[in-house]
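Descriptive structure summary
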Amino acid sequence: MVTGDANSRNRGGLLSASRRGLFRGGPKAVISGVHPSPRPLPRRRSCRPMAGGRAQGSRRAVRLPEGGRLMAPASQLLALWALAAVALPGSGAEGDGGWRPGGPGAVAEEERCTVERRADLTYAEFVQQYAFVKPVILQGLTDNSRFRALCSRERLLASFGDRVVRLSTANTYSYHKVDLPFQEYVEQLLHPQDPTSLGNDTLYFFGDNNFTEWASLFRHYSPPPFGLLGTAPAYSFGIAGAGSGVPFHWHGPGYSEVIYGRKRWFLYPPEKTPEFHPNKTTLAWLRDTYPALPPSARPLECTIRAGEVLYFPDRWWHATLNLDTSVFISTFLG
């Protein structure tokens, strides 16, 4: 477990969440870039200012070991869920873009959302009430219907299926990377999360790829209109299966918009380090740790739906859990 003073356990091999600083490309990132001009996506950082940098060297596609997969089913239920999902290739209902919604046994939304939703927020209100204080969910500030249409399963595979993408493990530090064609990820690895898998056994599509390769898609995205003085936006685009997510981490401020699906968020202020294990998935944390938390130790939480945008301030701890197969994009203010 990582608790408030985990730094004392560093010598025993458990890295300190509170002292190391934990950066993951937002809920974790797969395709990075900026608007309007490219710059490196911010990477993991300590308490020092964030450093920029994109993975260097060639990105030759590599195959997973034989039998390797993103999330091997742990039960017959999960197996049936995955088979049912494969039976829906690309032609899904208009509302889900052909991506698979939550299936049998899917995780439910929270009983009560504890993050404010605002549909009429002005920039002055944003700066005074939220930018440096607490998260907020923004509604109706931008129209990304064109971008949403381009993010359907069919269109993304047609446009980017042969592009090599870089996957990262879904744990707090995420050092391991795997390169493979986007189509292979979508058709073979985009399965519901196995509840028994550890974070370093789960590959996640969100944040390490070249902006210019996806520029034809990103130019249709309208980011939230509220910026912060001295920052510039960097995009991270991701697609992940139901039950997947990233455990607690923190980084600079930013936004996360859901394009398809639903994403459940758990957030703590910088001074309140959550209790979690950096190599256990958010799904495992929700099952094993969350139920025992007293009300005073519960995080802020809410499920973000398609078309909504969550803003999170600098250094706020957060973990994410995709309730459906989800398509999402983050705008980091670095």
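Notes on the structure follow. None of these values were measured; they are calculated from a predicted model.

Rules used in this analysis
- Residues numbered from 1 in each chain as written.
- Predicted model: local features only at pLDDT ≥ 70, side-chain atom pairs only at ≥ 80, totals over all residues.
- Heavy atoms only, no water.
- Helix = DSSP H or I, 4+ residues; strand = E, 2+ residues; numbered from the N terminus.
- Phe/Tyr/Trp six-rings, centres within 6.5 Å; stacked < 30°, edge-to-face > 60°.
- Lys NZ or Arg CZ within 6 Å of the ring centre and 35° of its normal.
- Disulfide = S-S within 2.5 Å.
- Buried < 20%, exposed > 50% of the residue type's maximum accessible area, 1.4 Å probe, protein only.
- 1 Å grid on protein atoms, 1.4 Å probe; cavity = no way out; pocket = protein on both sides within 12 Å on 5 of 7 lines; lining within 4 Å.
- Points joined across faces, edges and corners; volume = space filled by probe spheres on them.
- Nonpolar A, V, L, I, M, F, W, Y, C, P; charged D, E, K, R; others polar.
- Core = buried A, V, L, I, M, F, W, Y, C linked by side-chain atoms within 4.5 Å.

Moving on, we come to unusual backbone geometry. Positive phi is not limited to glycine here, since R315 has a value of about 65 degrees. Relative to the helices and strands, R315 resides in the loop between strand 12 (309–312) and strand 13 (317–322).

Another point: the packing of aromatic side chains. Tallied over the full model, the rule gives 27 aromatic pairs. Within the aromatic cluster, the residues linked to one another by ring pairs are F147, F160, F182, Y185, F205, W214, F218, Y221, Y235 and F237. Here R264 stacks its cationic end above the ring of Y290, 5.8 Å away from the centre of that ring. Note that R298 overlies the ring of Y290, its terminal NZ or CZ placed 4.2 Å from the centroid.

With that settled, consider the state of the cysteines. A full pass over the atoms with the stated rule returns one disulfide. A disulfide bridge connects C113 with C302, and the sulfur atoms are separated by 2.0 Å. In this structure the cystine formed by C113 and C302 twists about its S-S bond by roughly -110 degrees; its chirality is therefore left-handed. Highlighted residues: C113 in the loop between helix 2 (76–86) and strand 2 (117–118) and C302 in strand 11 (residues 300–305), separated in sequence by 189 residues. Since its relative accessible area comes to 25%, C113 is described here as partly exposed.

This next bit is on empty space enclosed by the protein. In total, this model carries three cavities of 30 Å³ or more according to the counting rule given. Lining the largest cavity, in full, are L138, Q139, G140, L141, T142, P224, P225, G307 and V309. What the second largest cavity holds in volume is close to 40 Å³. Lining the second largest cavity, in full, are P247, F248, F276, H277, K280, T281, T282, W285 and A319. Elements that contribute at least two residues to the lining of the second largest cavity include exactly strand 8 (245–249) and helix 8 (282–288). Partitioned by chemical class, the residues of the lining of the second largest cavity number five nonpolar, three polar and one charged.

As a further point, take the nonpolar core. Soluble globular proteins tend to pack their nonpolar side chains together in the buried interior. With 47 residues, the main nonpolar core has L156, F182, W214, L217 and F237 as its most contacted residues. Membership of the second largest hydrophobic core comes to 14 residues, among which are F276, L293, A319 and L323.

Within this model, the largest pocket holds a volume of roughly 220 Å³. If you trace the largest pocket, you find it lined by E109, E110, E111, R112, T114, R264, Y290, R298, P299 and E301. Residues of the lining of the largest pocket, tallied by class, amount to two nonpolar, one polar and seven charged.

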